[in-house]
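Close look at the chain arrangement
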Amino acid sequence: MTPELLARVPAALRAGAAYHVPQPPQVRAKLDANELPHALPGELRARLGAALAEVALERYPDPTARELRARVAAQLGVAGDRLTFGNGSDELIAMIASAFATGPVLFPSPSFVYYRLAATARGLDAIEVPLRRDFTLDEAALDAAIARHQPGCVFLALPNNPTGTLWRVDLAPELAARYPGVAIVSDEAYVAYSRRTNLPHAQRNLIVLRTLSKIGLAGLRVGFAISSPEIAALLDKLRPPYNLSALDQRAAAFAIDEAASWCDARAAEVVAERARLAAVLAASPLRLEVIPSEANFVLVRTPRAREIYQHLFDAGVVVRAFGHSELADCLRITVGSAAENRLLEHTLAAVRVS
């Protein structure tokens, strides 16, 4: 890149880093991405394969996702014109940041990394409101920051990633009422594990985000926003044409029709395993501080985070580390299958107790 062209790149983008996921030579337990650890059973996979075989790959996908829209609308009990579909919820976050780009993007910190990336990519300021030491939300500080900076949009992950913490659920509707000129977003990627939602309040300036990624369908990259018809129409102006492939649309519609009960049952298993795993980690002689979680992962804090991460990595057990950040002394551990969790526990037990 020439120096002249580099000068045209925003300073925030130049200073940032790409999202990087390190992988050991052999992965024995993948516990770093908050995926559901269970694959669809063979009978469902066979029926899904048959459904996908009927997709006309020589044609562009339905730009309005009519079939999928009808399934999601019926499942949630909302009108179809309140839905906007994205290539995962990441694309929807980017669309929301673009739609309300006359102000900065504001969110608690630490939170989902893409809030910052979406702001940076659009040349917008990212206003980060620090969480308390125990990762609870300072509501007064958040309110003061909104009043001061007048953001275009505020992202509130419910529950929060990467901490797993759950703020007061009715906070988002209260903020939406208090700041009618700000888009308040309740990002509910982990609703299957928290069972807390602001869906009944998704109107006027409150937007709810959902995704299929955390319930066993991460490979589809299908997310959707529920909002007022006016906001949905606005977001549709920013949605790339044919942003959801025909295969993704058909697979997502199939999953909602045929696999919803299976997904719900597996999520319930993860919630039960989360409690067991958190208790095991809390009792570890490594003296791990376990942060209470309402998601499908557990965050632990330890001054030995880098050492423990490397020990697990070398054994093929991949968890999430955070490098040089406010989470440098933390590890995020996805709740895996029973076998993966036992391997994690066995590998941790081999770490020298200082």
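Our structure's up above, just so we're on the same page.
Residues numbered from 1 in each chain as written. Predicted model: local features only at pLDDT ≥ 70, side-chain atom pairs only at ≥ 80, totals over all residues. Heavy atoms only, no water.

1. Topic: the pairing of strand β8 (residues 222-226)
Of all five residues that make up β8, five are buried, and the element is covered over most of its length. Pairing analysis gives five bridges linking strand β2 (residues 83-87) to β8, with the strands arranged antiparallel. Residue pairing across strands places L83 opposite I226, the latter belonging to β8. Judged from the four bridges that link them, strand β7 (residues 206-211) and β8 form a sheet pairing that is antiparallel. (Buried < 20%, exposed > 50% of the residue type's maximum accessible area, 1.4 Å probe, protein only. Helix = DSSP H or I, 4+ residues; strand = E, 2+ residues; numbered from the N terminus. Pairing = 2+ DSSP bridges.)

2. What to know about empty space enclosed by the protein
Throughout the structure, instances matching the rule amount to three cavities of 30 Å³ or more. A volume near 60 Å³ is recorded for the largest cavity. Surrounding the largest cavity, D62, P63, T64, A65, R69, F85, R239, Y242, N243, L244 and Q249 form its lining. Taken as a whole, the second largest cavity spans an internal volume of roughly 40 Å³. Broken down by class, the residue content of the lining of the second largest cavity amounts to six nonpolar, two polar and one charged. (1 Å grid on protein atoms, 1.4 Å probe; cavity = no way out; pocket = protein on both sides within 12 Å on 5 of 7 lines; lining within 4 Å. Points joined across faces, edges and corners; volume = space filled by probe spheres on them. Nonpolar A, V, L, I, M, F, W, Y, C, P; charged D, E, K, R; others polar.)

3. With respect to the layout of surface pockets
Looking at the second largest pocket, its volume works out to about 420 Å³. Broken down by secondary-structure element, the contributors of at least two residues to the lining of the second largest pocket are α4 (66-76), α9 (191-194), β7, α11 (246-258) and α12 (260-282). In terms of residue count, α12 provides more of the lining of the second largest pocket than any other element does, three residues in total.

4. Regarding the packing of helix α5 (residues 88-99) against helix α6 (residues 113-121)
Packing of α5 against α6 leaves a shortest axis separation of 9 Å and a crossing angle of 45 degrees. Taken together, α5 and α6 sit at an angle that is classed as oblique. Along this stretch, α5 crosses α6, giving a crossing that reads as right-handed. Residues D90, I93, A94 and A97 of α5 touch α6, and the partners they reach there are Y114, Y115 and A118. Residue classes in the contact of α5 with α6 are distributed as six nonpolar, no polar and one charged. (Axes fitted to C-alpha atoms, helices over the stretch in contact; angles between N-to-C directions. Parallel < 35°, antiparallel > 145°, perpendicular 65-115°, else oblique. Left-handed = near helix turned anticlockwise from the far one by under 90°. Contact = heavy atoms within 4.5 Å.)

5. Describing the packing of aromatic side chains
The tally for this structure, following the rule as stated, stands at seven aromatic pairs. Aromatic pair F107 and Y115: ring centres 5.7 Å apart, planes at 55 degrees, arrangement tilted. Here the aromatic rings of Y190 and F297 are separated by 5.5 Å at their centres, their planes lie at 80 degrees, and the arrangement is edge-to-face. Linking Y190 in the loop between β6 (183-187) and α9 with F297 in strand β10 (residues 297-301), this pair joins segments that are 107 residues apart in sequence. Looking at Y190, the relative accessible area reads 4%, which means it is buried. Taking the relative accessible area as the measure of exposure, F297 reaches 0% and is therefore buried. The structure contains a cluster of three or more aromatic residues connected by ring pairs, namely F107, F112, Y115 and F155. Positioned above the aromatic ring of F297, the side-chain terminus of R332 is 5.6 Å from the ring centre. (Phe/Tyr/Trp six-rings, centres within 6.5 Å; stacked < 30°, edge-to-face > 60°. Lys NZ or Arg CZ within 6 Å of the ring centre and 35° of its normal.)

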